[in-house]
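Each chain, letter by letter, is given below.
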Amino acid sequence: QVQLVQSGGGLVQPGGSLRLSCVASGSIRSINDMGWYRQAPGKQRELVAGITSGGSTNYADSVRGRFTISRDNAKKTVYLQMNSLKPEDTAVYYCNAGIVVWTTPWFSKDYWGQGTQVTVSS
């Protein structure tokens, strides 16, 4: 069984920083795109940042310049460095990955982390 396990998050003051990590484990053939999503109370889930297997990145306009997504393919890990945090960044953050398990034919499907709360408040 493939699992994505998140760590990081918590309570931070405005202007502070947090780093989220997400580690994939299990019977994994390959990992394609990875990303971070967030969902605030009463709001729809939104894509925060994405990264391809080759390292190309994209960001939501609301976080561009403040957040940085990266990945370590050897460790099967994706990170989200969050700087200059604002109260509006408060949400549950989820990692996501397109993963191919050891089956034929190849098929990539989405897996999700368990989510972690990020609260930005003074």
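Here, the structure is the one placed above.
Residues numbered from 1 in each chain as written. Predicted model: local features only at pLDDT ≥ 70, side-chain atom pairs only at ≥ 80, totals over all residues. Heavy atoms only, no water.

(A) Seen up close, the nonpolar core. By size, the foremost hydrophobic cluster in this structure holds 31 residues, and its most contacted members are Trp36, Leu80, Met82, Tyr93 and Ile99. It is strand β9 (residues 91–101) that provides the largest number of residues to this core, a total of 5 residues. If we ignore the near neighbours within four places in the chain, the residues touching Tyr93 are Gln6, Leu20, Tyr37, Arg38, Val48, Phe67, Leu80, Met82, Gly115, Thr116 and Val118. (Core = buried A, V, L, I, M, F, W, Y, C linked by side-chain atoms within 4.5 Å. Buried < 20%, exposed > 50% of the residue type's maximum accessible area, 1.4 Å probe, protein only. Helix = DSSP H or I, 4+ residues; strand = E, 2+ residues; numbered from the N terminus. Contact = heavy atoms within 4.5 Å.)

(B) Highlighting the pattern of salt bridges. Tallied over the entire structure, the rule returns 4 salt bridges. Across the salt bridge formed by Asp61 and Arg64, the nearest N and O atoms sit 2.5 Å from each other. Residue Asp89 pairs with Arg66 through a salt bridge whose shortest N-O separation is 2.8 Å. Taken together, the positions of Asp89 in the loop between β8 (77–82) and β9 and Arg66 in the loop between β6 (57–59) and β7 (67–72) put the pair 23 residues apart, joining distant regions of the chain. Of the two residues examined, Asp89 and Arg66, each falls in the buried class. (Salt bridge = Lys/Arg side-chain N within 4 Å of Asp/Glu carboxyl O.)

(C) Representation of the sheet that holds β8 in the model. The strand order β1-β3-β8-β7 describes an open sheet built from 4 strands, whose pairing is antiparallel. Each having just a single partner strand, β1 (3–7) and β7 make up the two edges of the open sheet. Ignoring strand direction, the axes of neighbouring strands in this sheet form an average angle of 15 degrees. Note: strand β3 (residues 18–25) against β8, 6 bridges, orientation antiparallel. (Pairing = 2+ DSSP bridges. Axes fitted to C-alpha atoms, helices over the stretch in contact; angles between N-to-C directions.)

(D) Just the environment of Trp106, in detail. Mapped onto the elements, Trp106 comes out in the loop between β9 and β10 (108–112). Taking C-alpha positions, Trp106 is 36 Å from Gly65, a pair spaced 41 residues apart along the chain. Look past the residues within four positions of Trp106 in its chain and what remains in contact with it is Arg29 and Val100.

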